[in-house]
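# Fold and geometry: a report
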Amino acid sequence: MNNGVIFLLLAVLLDMASNVLLKKSAGFRNKIYGISAILCIVTAFFMLGQAIRTMDLSIAYALWGAAGMLLTSFIDTTFFHVKLKGSALIGILCMITGIVLIQSLD
């Protein structure tokens, strides 16, 4: 596994963490969570910047965005008990298909 993939995985995890922290901040009423969310997303962008040193920008950004949305959706349904509509599940399936297709091109 090259360094770009490791940096991309870190960027995805930090993006997901920032989304959860942002939700926990309750619209920045809880400032510790809000500030932590900002720090996570800034660090995620830094990690993405490191990833694109060895990966194509289009592939890294697509994977970062889709994987972040997939993981955030999983966390939302698992821990915050959000019910996804059928159309959301179709969208998730499309993202997974897109990730598989992108990986097959690389």
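Scroll up for the structure.
It should be emphasised that the depicted structure is a prediction, and the values quoted were computed from it without experimental measurement.

## Considerations on helix 1 (residues 3–24)
- If you check helix 1, its first and last C-alpha atoms are 31 Å apart, about what 22 residues at 1.5 Å a residue would give, namely 32 Å.
- Every buried residue of helix 1 is accounted for by Gly4, Leu8, Ala11, Val12, Asp15, Met16, Ser18 and Leu21.
- Buried residues along helix 1 sit against helix 2 (31–51) and helix 3 (57–79).

## Observations regarding a nonpolar patch on the surface
- A contiguous nonpolar patch, built from Leu22, Phe28, Ile38 and Val42 and spanning about 340 Å² of accessible area, is present on the exposed surface.
- The topology assignment puts Val42 in helix 2.
- Exposure remark for Val42: the relative accessible area of 53% places this residue in the exposed category.

## With respect to the nonpolar core
- Counting residues in each nonpolar core, the largest one holds 17 residues, and the members touching the most others are Leu8, Leu48, Met55 and Trp64.
- Residue assignment for this core shows that the elements contributing at least two residues are helix 1, helix 2, helix 3 and helix 4 (86–105).
- The dominant element in this core, judged by the number of residues it contributes, is helix 3, at six residues.
- Other than its neighbours up to four places away in sequence, Leu8 contacts Leu48, Ala51, Met55, Ala60, Leu63 and Trp64.

Definitions and limits used
Residues numbered from 1 in each chain as written. Predicted model: local features only at pLDDT ≥ 70, side-chain atom pairs only at ≥ 80, totals over all residues. Heavy atoms only, no water. Helix = DSSP H or I, 4+ residues; strand = E, 2+ residues; numbered from the N terminus. Expected span 1.5 Å × (residues − 1). Buried < 20%, exposed > 50% of the residue type's maximum accessible area, 1.4 Å probe, protein only. Contact = heavy atoms within 4.5 Å. Patch = residues over 30% accessible without salt bridge, like charges linked within 9 Å, V, L, I, M, F, W, Y side chains within 5 Å. Areas by Shrake-Rupley, 256 points an atom, 1.4 Å probe, with all protein chains shown as cover. Salt bridge = Lys/Arg side-chain N within 4 Å of Asp/Glu carboxyl O. Core = buried A, V, L, I, M, F, W, Y, C linked by side-chain atoms within 4.5 Å.

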